[in-house]
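Here's the letter readout for the chains.
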Amino acid sequence: MAETATKQRTVKFIITRRERPESAPYTEEFEVPYRPNMNVISALMEIQRNPVKADGGKTAPVCWESNCLEEVCGACSMVINGKPRQACSALVDKLEQPIRLEPMSTFPVVRDLVINRERMFQALKKVKAWIPIDGTYDLGPGPRMAETKRQWAYELSKCMTCGVCLEACPNVNERNSFIGPAAISQVRLFNAHPTGEMNEHERLEALMDDGGIEGCGNSQNCVRSCPKGIPLTTSIAAINKDTTKHMFKKWLTM
Amino acid sequence: MSGNSYLPRKLHSLLGVIPLGLFFIEHALTNYSAFEGGQQGFVDAVHGIHKLPLVFFIELFIIWLPILFHGVYGLYIAYQSNLNTGRFSYGRNWAFALQRISGVITLIFVFWHVWNTRVQVALGNTTYEQLGSHMHEIVNQPVYFAIYFIAVIAAVFHFSNGLWSFLVSWGITVGPRAQRVSSNICIGIFVIVSVLFLLSLFAFRGAEFAPSAAAAAISTATFG
């Protein structure tokens, strides 16, 4: 009876690898045993357990980053079959094979699929994407936020700094200092907050600086790519409106 | 580009619509007079413009300087962009790529076109009265006609898509519905202005703009 068992079904992966940040990328192919409902992360875990290429040769395990495994942390973003997305929510059953994995090379590649998203966190610092309430005494409760406003602002708060919008944007590259869609949307979020609004001009002026909002070329790839469905292009246009108003206000009152 | 790029980029966007977009529409209408009114209609339309007071300064500040800034800064913007329509073949991303490609085509074409027309008038090689027959000679050469045909489509696309972008970049159309409606309006503008320019190109090919026929018309205009 054992003779009737068919060959184990496998999933083919073609992974773009790189040993060090400055070394040249190369691809390796892997055949991973298929399990129902597996995702790209569980396939990478399988390669880690048994780092053998499709041709039978041994290799170093593929490096990648992941944390939450439920598409809320943004750590496992990579280019899967040409599109940037999270590996944890990329189900193998729904992907065309062979599955091609590449690092999001808009960012500095650390090793294999691991990238450094430092520039996104620097961008959040640059635009002051927080609400300053620290002080030496209790400031008391802040102003209330209207429920209708809270509802759309909540959508913006879903941003997990995953970097997919920057990878999709044709204007985020080495020749361009554009800050990227994510930080602009965060400016809209914190300017919408009744307490955050008190420092509105600081965030707008950060975006009216070099590499700010003017770098947007309206390709609108960001809104098509965002895994959280954040209305990024609406945020950009709304901040275009606010920075334009701020520009005239400054001109006319100086 | 050192220093703040917000203001130059904003100015770039504005100049594309005011004054360049307005001049572009005016140009389309003047050319259309060649289709509607023939040789005489075109001569009258050209005369109407050159009767404007301080026409040199109008040309300088409404056309030449804005084109120079918009064109040179535009090349810099195009240089700063990646084209990734292969990975992201969405309509708007194609428009983004074509905006840069059509901009470069238009800039090269405008230099050549101004050299062939306005500069030749300035050098005394042709006159405003003879422009119609001058164009007739150019567009009756198949290669030049093809160049004009492609460049006119590129220029009209650059203008209509740029108008859509202007509305976003200045924060006028914010939401997705507003941007969809303005996109439809800009497609309409693209079709209408393209037709105006192309009809005039075909009109210039007509026999009535041939140098002999035109010379007769001019002699009656001059000595009649």
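Residues numbered from 1 in each chain as written. Chains lettered and ligands numbered in written order. Predicted model: local features only at pLDDT ≥ 70, side-chain atom pairs only at ≥ 80, totals over all residues. Heavy atoms only, no water.

A. Just the overall build of chain A, in detail. A tally of helices and strands in chain A yields eight helices and seven strands. By its C-alpha atoms, chain A is 85 × 40 × 35 Å across when sized along the principal axes. Every one of the 254 residues in chain A was classed for burial, and the buried ones make up 49%. A total accessible area of about 13000 Å² is found for chain A, and carbon and sulfur atoms account for 51% of it. If the 33 positive side-chain charges of chain A are averaged to one point and the 30 negative ones to another, these points end up 3 Å apart. (Helix = DSSP H or I, 4+ residues; strand = E, 2+ residues; numbered from the N terminus. Buried < 20%, exposed > 50% of the residue type's maximum accessible area, 1.4 Å probe, protein only. Areas by Shrake-Rupley, 256 points an atom, 1.4 Å probe, with all protein chains shown as cover. Lys, Arg positive; Asp, Glu negative; His and termini not counted. Charge placed at Lys NZ, Arg CZ, Asp CG, Glu CD.)

B. The pairing of strand β3 (residues 77-80) of chain A, seen in detail. All names here are of chain A. What you see with β3 is no split at all: S77 and V79 on one side and M78 and I80 on the other are buried throughout. In sequence, β3 turns back onto strand β4 (residues 83-86) through a hairpin of two residues, with N81 there showing a positive phi of about 50 degrees. One ladder, built from two bridges, connects β3 with strand β5 (residues 99-102); its direction is antiparallel. Note that in β5 the partner of I80 across the bridge is L101. (Pairing = 2+ DSSP bridges.)

C. Examining empty space enclosed by the protein more closely. Residue and element names in this part refer to chain A. Overall, the coordinates contain four cavities of 30 Å³ or more when judged by the stated rule. Reported here for the largest cavity is a volume of approximately 120 Å³. In terms of lining, the largest cavity is formed by 16 residues, of which the most central are C216, N218, S219, Q220 and C222. When residues of the lining of the largest cavity are traced back to their parent elements, those giving at least two are α7 (221-225) and α8 (232-253). In the lining of the largest cavity, the residues fall into nine nonpolar, seven polar and no charged. Considering only enclosed or pocket space, the second largest cavity measures out at about 90 Å³ in volume. Considering the residues around the second largest cavity, the lining is formed by 15 residues, among which C159, C162, C165, C226 and I230 are closest to the centre. (1 Å grid on protein atoms, 1.4 Å probe; cavity = no way out; pocket = protein on both sides within 12 Å on 5 of 7 lines; lining within 4 Å. Points joined across faces, edges and corners; volume = space filled by probe spheres on them. Nonpolar A, V, L, I, M, F, W, Y, C, P; charged D, E, K, R; others polar.)

D. The arrangement of a nonpolar patch on the surface in detail. Residue and element names in this part refer to chain B. Judged by side-chain polarity, L52, L54, F56, F57, I58, F61, I62, L65, L68, V72 and F111 come together as a nonpolar surface patch covering roughly 1100 Å² of accessible area. When residues of the nonpolar patch are assigned to their parent elements, the largest contribution, eight residues, is made by helix α3 (residues 55-79). With respect to the helices and strands, I62 occurs in helix α3. Look at I62 and you get partly exposed, because its relative accessible area is 35%. (Patch = residues over 30% accessible without salt bridge, like charges linked within 9 Å, V, L, I, M, F, W, Y side chains within 5 Å. Salt bridge = Lys/Arg side-chain N within 4 Å of Asp/Glu carboxyl O.)

E. Spotlight on the pattern of salt bridges. Residues and elements named next belong to chain A. Inspection of the entire model under this criterion finds 13 salt bridges over all chains. Here E202 ties to K128 by a salt bridge, and the two come within 3.6 Å at their closest N and O atoms. Of this pair, E202 sits in helix α6 (residues 200-207) while K128 is found in the loop between α2 (118-126) and α3 (147-156), placing the two residues 74 residues apart along the sequence. Taking relative accessible area as the criterion, E202 reaches 29% and is therefore assigned partly exposed. Members of the salt-bridge network, linked through shared partners, are R17, E28 and D112.

F. Spotlight on the sheet that holds β3 of chain A. All names here are of chain A. Sheet architecture is open: five strands sit in the order β2-β1-β5-β3-β4, paired in mixed fashion. Each end of this open sheet is capped by a strand with a single partner; those strands are β2 (26-33) and β4. Adjacent strand axes in the sheet meet at a mean angle of 35 degrees, parallel and antiparallel pairs treated alike. Where helix α1 (residues 40-49) meets the sheet, it contacts β1 (10-17), β2, β3 and β5, and its direction lies at approximately 95 degrees from that of β2. (Axes fitted to C-alpha atoms, helices over the stretch in contact; angles between N-to-C directions. Contact = heavy atoms within 4.5 Å.)

G. The packing of aromatic side chains, seen in detail. Tallying each qualifying case throughout the model produces 21 aromatic pairs over all chains. Residues F42 of chain B and F204 of chain B carry aromatic rings whose centres are separated by 5.0 Å and whose planes lie at 85 degrees to one another, so their mutual orientation is edge-to-face. Pair noted here: F42 of chain B is in helix α2 (residues 20-50) and F204 of chain B is in helix α7 (residues 176-204), with a separation of 162 residues, a long-range link. Here F204 of chain B falls in the buried class, since its relative accessible area comes to 2%. Considering the side-chain rings of F69 of chain B and Y73 of chain B, the 5.7 Å spacing of their centres and the 5 degrees angle between planes classify their relative orientation as stacked. With a gap of four residues between them, F69 of chain B and Y73 of chain B both fall in helix α3, about one helical turn apart. A residue is classified by how much of its surface remains accessible, and F69 of chain B, at 29% relative accessible area, is partly exposed. Its relative accessible area of 6% is what places Y73 of chain B among the buried residues. The structure contains a cluster of three or more aromatic residues connected by ring pairs, namely F248 and W251 of chain A together with F166 and W170 of chain B. (Phe/Tyr/Trp six-rings, centres within 6.5 Å; stacked < 30°, edge-to-face > 60°.)

H. Main features of the interface of chain B and chain A. The partner chain A presents 39 residues to the 30 residues of chain B that form the contact. It is Y6, R87 and Y90 of chain B that lose the most area in chain B upon contact with chain A, and together they represent 23% of the buried surface on that side. Our enumeration of links across chain B and chain A arrives at one salt bridge. Its salt-bridge partner being R87 of chain B, residue E167 of chain A comes within 2.9 Å of it at the nearest N-O pair. Breaking the side of chain B that touches chain A down by element, the ones donating at least two residues are α1 (6-17), α4 (91-122), α6 (142-169) and α7 of chain B. A class-by-class count of the residues in the side of chain B that touches chain A yields eleven nonpolar, 14 polar and five charged. (Buried area = accessible area lost by both parts, 1.4 Å probe.)

I. Examining the side chain of E59 of chain B more closely. Residues and elements named next belong to chain B. By the secondary structure assignment, E59 is in helix α3. Residue E59 is classed as buried on the basis of its relative accessible area, which comes to 11%. A polar contact is formed between the side chain of E59 and the side chain of R118, at a distance of 2.8 Å. When sequence neighbours within four positions are dropped, the list of residues in contact with E59 reads W64 and R118. (Polar contact = N/O pair within 3.5 Å; in protein donor to acceptor, adjacent residues only side chain to side chain.)

All quantities given are derived from atomic positions and should not be read as evidence of function.
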